[in-house]
Amino acid sequence: MSRTATPGISRGLTFVMAIAAGLAVANIYYNQPMLGIIMAEFDHSSTAALIPTATQLGYAVGLFLLVPLGDLFDRRKLIVLQFLLLAVVLVIEGAAPSATILFATSVLLGACSTVAQQIIPLATALAPPESRGKTIGTVMAGLLCGILLSRTLAGFVSTHLGWREMFWLAAPLAIMAAILMAVMLPRDKPRTSIGYGEALLSVLFLCKEQPALRRATLTQAALFGSFSAFWTILALHLQEPDYQMGADVAGMFGVLGAIGVLAAPISGRLADRYGPARVIAAGVIVCVISWLTFGLWTALAGLIIGVIILDFGVQSAMISNQHVIFGLMPEARSRINTVYMTGMFLGGSFGSAGATYAWGFGGWPAVCGFGLTLSVLAMIPSMTRLRASPRPH
């Protein structure tokens, strides 16, 4: 018999939800370290080059169209169903005969992977207010490990087996996550009686009526754009004569970046204690420093140090922004998450596309200039919030 969701969440359930979130979101990043291999198979077509952008656009579409369903239906059922659909799309993705079909299935893959954004609001709803930041931080740590370690796994598998095999390997992982969620999650109740169309329309009103939500979304969109710019181009940068490294090495950078995941639970606790505004501002400044490191320190060591602090800064700001938005309207957490994550991944899509253009225009220095610009732009809304926030006593 399914349990009913009640206030409170155990460490075990939090950990399981973190694993599921990581397995879900990993799917939209497998193609980044494999991009060079995929492009080579499809004769370096421009369509193949935009596959990471297609996946992130699909994620943004899924965030807008699918995540609001979490306020209308049992999130447990939605999570299980989305994982099963994700498994089907992964099998199709691995069998794609052309770059055009791979591009189209990448959009579907991104949309189905938004199941991670059903998990986070459910974890937030189960957590008591005094430990909300800690719970979000733990689940997000799992999600962020999925983002970063997916590149390591994809780089290794694509180098030694092939890029198609990576997608076929991911399909049973999605099925495993569906079973895990069906067994472990409590039954969830709808939080509102409005219809689907009204729920989508209310997303726009939430964005208009909640300035804190707008600030958080704009900040994270700019930061995630810079984050995506780096990871989209890294594999191509490492193939240059100065490095001559393959997809497996690009994937190993995910392990280095995972060090930044330590920021997730730490940032959650700091936001609980000192307020999120200062943690967000600090995260933005760290991201600016990371891009200066990439641009000025061109040795491999510069890439290593830069990726660690880039991920640390992005994750710190992300957790603290979520601490802000999930405290606004408990009955609309899924729709609030829709605004936030849609904006964030649109920023990521812009970052991927802009970095691809910058790479073609001026190589790595142009990419660094583009990433630095996005990080500096993130300062504007974050500093506005910092000035408006009360000082700690």
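The coordinates are above.
Quantities reported herein were computed from a predicted structural model and do not represent experimental measurements.

Asker: Sorry, what's going on with the packing of aromatic side chains here?
Answerer: Aromatic ring pairs are reported here in terms of the distance separating the ring centres and the angle at which the planes meet. According to the stated counting rule, one finds twelve aromatic pairs in the structure shown. Judged by centre distance (6.1 Å) and plane angle (70°), the rings of Phe 294 and Trp 364 are edge-to-face. You can see Phe 294 sitting in helix H14 (residues 276-296) and its partner Trp 364 sitting in helix H16 (residues 333-377), a full 70 residues away along the chain. Taking relative accessible area as the criterion, Phe 294 reaches 1% and is therefore assigned buried. Grouping aromatic residues by their ring pairs yields a cluster made of Phe 224, Phe 227, Phe 230, Trp 231, Trp 291, Phe 294 and Trp 364.

Asker: What should I look at first to understand the side chain of Ser 158 in this one?
Answerer: In this structure, Ser 158 sits in helix H8 (residues 132-160). Look at Ser 158 and you get buried, because its relative accessible area is 5%.

Asker: Explanation requested: the environment of Ile 101 in the structure shown.
Answerer: Its place among the elements puts Ile 101 in helix H6 (residues 99-112). Placed eleven residues apart in sequence, Ile 101 and Cys 112 show a C-alpha to C-alpha distance of 17 Å.

Asker: Would you mind going over helix H9 (residues 163-184) with me for this structure?
Answerer: Within an α-helix, residues lying three or four positions from one another point in the same direction, as the helix has 3.6 residues per turn. With 22 residues, H9 ought to run about 32 Å at 1.5 Å a step, and its terminal C-alpha atoms sit 32 Å apart, in line with that. Within the span of H9, buried status applies to Trp 163, Arg 164, Met 166, Phe 167, Ala 170, Ala 171, Ala 174, Ala 177, Ala 178 and Met 181. Relative to the axis of H9, the buried residues are bounded by an arc of 150° and lie together on one face. Of the residues in H9, the exposed ones pointing more than 90 degrees away from the buried face are Ile 179 and Val 183. Residues of H9 that are buried in the fold lie against helix H1 (11-26), helix H2 (35-41), helix H5 (75-94), H6, helix H7 (116-126) and H8.

Asker: Looking at this structure, I do not really get the nonpolar core. What am I missing?
Answerer: If you look at soluble globular proteins, the nonpolar side chains tend to sit buried side by side. Among the nonpolar cores identified, the biggest contains 110 residues, and Phe 83, Ile 119, Leu 143, Met 181, Phe 230, Phe 294 and Phe 345 are the most heavily contacted of them. The residues touching Phe 345, leaving out its near neighbours within four places in the chain, are Ile 28, Tyr 29, Gln 56, Tyr 59, Ala 60, Leu 63 and Phe 224.

Asker: Looking at this structure, I do not really get the environment of Gly 225. What am I missing?
Answerer: In this fold, Gly 225 is placed in helix H11 (residues 211-238). Setting aside residues up to four positions removed in sequence, Gly 225 forms contacts with Gly 347, Gly 348, Gly 351 and Leu 374.

About the cut-offs
- Residues numbered from 1 in each chain as written.
- Predicted model: local features only at pLDDT ≥ 70, side-chain atom pairs only at ≥ 80, totals over all residues.
- Heavy atoms only, no water.
- Phe/Tyr/Trp six-rings, centres within 6.5 Å; stacked < 30°, edge-to-face > 60°.
- Helix = DSSP H or I, 4+ residues; strand = E, 2+ residues; numbered from the N terminus.
- Buried < 20%, exposed > 50% of the residue type's maximum accessible area, 1.4 Å probe, protein only.
- Expected span 1.5 Å × (residues − 1).
- Arc of directions from axis to C-beta.
- Contact = heavy atoms within 4.5 Å.
- Core = buried A, V, L, I, M, F, W, Y, C linked by side-chain atoms within 4.5 Å.

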